[in-house]
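Reading the structure
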Amino acid sequence: MNIYKAAVIGAGTMGAEIAQVISFAGIPVLLKDVNQEVVNQGLEKVRKIYERRLQKGKMTASEVEEKIKLVQGATGFDAFSDVDIVIEAVPERMELKKKVFQEVEAHVSEDAILATNTSALSISELGSVTRRAEKVVGMHFFFPAHVMKLVEVIPGLATSDETVDDVVSFSEALHKMPVRVNECAGFLVNRLLMPYLNEAAYCLEEGTATAKQIDQAAVAFGFPMGPFQLVDQLGLDVCADVVKVLMASYGNRMAPAQIWSELYGAGRYGVKSGAGFYEYDKRGSDEFMHLLKRVQRERGSSTFDFERILYLMVNEAVLCLEEHVSSASDIDLAMVAGIGFPQDKEGILHFADQVGLDQILTKLMQCYEQHGARFWPAPLLRRMVGAGFLGKARGRGFFEYST
Ligand SMILES: NC(=O)c1ccc[n+]([C@@H]2O[C@H](COP(=O)([O-])OP(=O)(O)OC[C@H]3O[C@@H](n4cnc5c(N)ncnc54)[C@H](O)[C@@H]3O)[C@@H](O)[C@H]2O)c1
């Protein structure tokens with residue numbers, strides 16, 4: 001099915017960005033929210049994104065006006081009868097999202113797709129309250145959506161292949177890189193990212209490196225920013241919510257480091273609250289050092305190495321591959337386009353192949369003995385090592401290489 005007209009429900013942080021992305025592709029889009037004031041704020045956000053393009057000389061004034069005209073604000077459902085896809089971007093609460101989909105369903109045609117931008121809620125559960133579960137799908141954009149290329153396309157249990165194909169094509173028409181992700185808690189990117197961010201916090205608690213040193217190690221590896229800078233950008237409150245969802249599904253291997261709870265308790269959510277792992281207002285660093293010392297006193301210590309943080313993410317990627325959450329190439333694409341995994345390393349699984357899977361297995365076992373069950377190696381990793389699929393040097397690992 002071709003998408004000739006779209007609608008976005010919720011004109012907040014993500015909704016406005018998504019509407020801009022759709023209009024930029026030349027597709028008319030309705031932007032709906034609860035009242036005119038919020039709709040206007042959303043339209044203003046869209047305008048600002050275009051004005052920045054204008055200032056940078058990337059578009060002319062008439063091109064900007066033409067695109068902006070494609071975004072029409074709405075507080076009701078008057079113009080919804082001919083939309084082909086509705087993307088909801090209302091706050092992350094299951095009951096609210098269910099209510100929105102049920103409400104929308106009464107105003108759109110029978111074959112309209114209902115997509116959700118949820119970060120972590122179940123697509124299957126959301127679909128179950130509609131009369132078209134086969135047309136309900138996850139379409140997870142990343143912030144800022146007008147910059148980030150990745151879109152996770154997530155079918156629920158009842159979603160049809162046709163719907164997935166339509167949303168993949170639509171994402172491509174929006175100049176995005178869609179990856180198909182089979183439903184699991186955290187989907188693909190958050191499931192891999194959170195253990196990485198959390199492990200950095202465990203290292204900090206052990207007192208063998210400062211947040212700055214760990215961030216520098218990540219940047220030296222090739223990430224655009226370090227794990228603590230990233231948590232501060234994303235918001236510790238948002239990350240904590242995602243970790244809760246991950247823990248509910250995967251258990252204690254996703255348990256947050258204690259420093260997360262300490263910062264959370266102190267309202268240090270990151271940039272938006274003026275302080276997090278770093279300071280952004282005039283609170284001073286005494287508070288952070290005090291909180292850190294509290295948890296550091298309660299833990300042992302070891303030497304810091306960045307590999308440990310990376311290999312935990314490799315292990316989670318292997319678990320995803322084993323569970324058929326995504327293909328190896330899509331996992332790599334998602335890591336590069338979604339979290340800025342260094343492009344020259346071609347993604348986490350290519351990186352693992354480069355290091356050697358036997359080396360990674362050995363290191364994971366050492367970490368398991370030292371730090372506990374969260375490092376237990378993925379069964380597939382063991383099988384691959386046993387079969388001699390050791391990575392690039394042997395011509396075969398997660399990918400095949402000509403020797
Ligand atoms: N913010 C991010 O970085 C990010 C990234 C990826 C995904 N998400 C997901 O996107 C969704 C939206 O997040 P956000 O950060 O844009 O939230 P937000 O709070 O900025 O915006 C939500 C908007 O929805 C509106 N809304 C609430 N109820 C509504 C209703 N019944 N009908 C129409 N509009 C309604 C609110 O008025 C608000 O403008 C969430 O599911 C979130 O998990 C957020």
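Residues numbered from 1 in each chain as written. Predicted model: local features only at pLDDT ≥ 70, side-chain atom pairs only at ≥ 80, totals over all residues. Heavy atoms only, no water.

Taken as a whole, this structure holds 23 salt bridges when the rule is applied. Across the pair D241 and K244 runs a salt bridge, and its minimum N-O distance is 3.6 Å. Separated by 3 residues within a single helix, D241 and K244 lie in helix α10 (residues 236-250), roughly one turn from each other. Taking the shortest distance from any N to any O, the salt bridge between D344 and K345 comes out at 4.0 Å. The class of D344 is exposed, set by a relative accessible area of 64%. Judged by relative accessible area, K345 falls into the partly exposed class, the value being 23%. (Salt bridge = Lys/Arg side-chain N within 4 Å of Asp/Glu carboxyl O. Helix = DSSP H or I, 4+ residues; strand = E, 2+ residues; numbered from the N terminus. Buried < 20%, exposed > 50% of the residue type's maximum accessible area, 1.4 Å probe, protein only.)

The next thing to look at is the site of the ligand. Taken together, 21 residues surround the ligand, and among them M14, D33, E92, K97 and S119 come closest. Here M14 contributes a backbone N or O atom positioned 2.8 Å from an oxygen atom of the ligand. Take D33: an N or O atom from its side chain is 2.7 Å from an oxygen atom of the ligand. When isolated, the ligand has an accessible area of 830 Å², and the protein chains bury 76% of it. Where the shell around the ligand is concerned, the elements lending two or more residues are α1 (13-24), α4 (94-105) and β6 (136-141). Of all the elements, α4 adds the most residues to the shell around the ligand, at 3 residues. Partitioning the shell around the ligand into residue classes produces 11 nonpolar, 7 polar and 3 charged. (Near = heavy atom within 4 Å. Polar contact = N/O pair within 3.5 Å; in protein donor to acceptor, adjacent residues only side chain to side chain. Areas by Shrake-Rupley, 256 points an atom, 1.4 Å probe, with all protein chains shown as cover. Nonpolar A, V, L, I, M, F, W, Y, C, P; charged D, E, K, R; others polar.)

All right, on to the layout of surface pockets then. For the second largest pocket, the calculated volume is near 280 Å³. As for the second largest pocket, its lining consists of 14 residues, and the residues nearest its centre are Q20, I49, R53, H146 and V147. Of all elements in the fold, only α1 and α2 (36-55) reach the threshold of two or more residues within the lining of the second largest pocket. Residues of the lining of the second largest pocket, tallied by class, amount to 5 nonpolar, 3 polar and 6 charged. (1 Å grid on protein atoms, 1.4 Å probe; cavity = no way out; pocket = protein on both sides within 12 Å on 5 of 7 lines; lining within 4 Å. Points joined across faces, edges and corners; volume = space filled by probe spheres on them.)

A separate point is the packing of helix α7 (residues 189-205) against helix α8 (residues 211-221). For the pair α7 and α8, interaxial distance at closest approach is 10 Å and the crossing angle is 140°. Regarding the angle of α7 to α8, the classification is oblique. As for how α7 packs across α8, the hand of that crossing is right-handed. Residues Y196, A200, C203 and L204 of α7 form the contact with α8, whose own contacting residues are A211, I214 and A218. Of the residues belonging to the contact of α7 with α8, the class tally is 7 nonpolar, no polar and no charged. (Axes fitted to C-alpha atoms, helices over the stretch in contact; angles between N-to-C directions. Parallel < 35°, antiparallel > 145°, perpendicular 65-115°, else oblique. Left-handed = near helix turned anticlockwise from the far one by under 90°. Contact = heavy atoms within 4.5 Å.)

None of this, on its own, says anything about what the molecule does.
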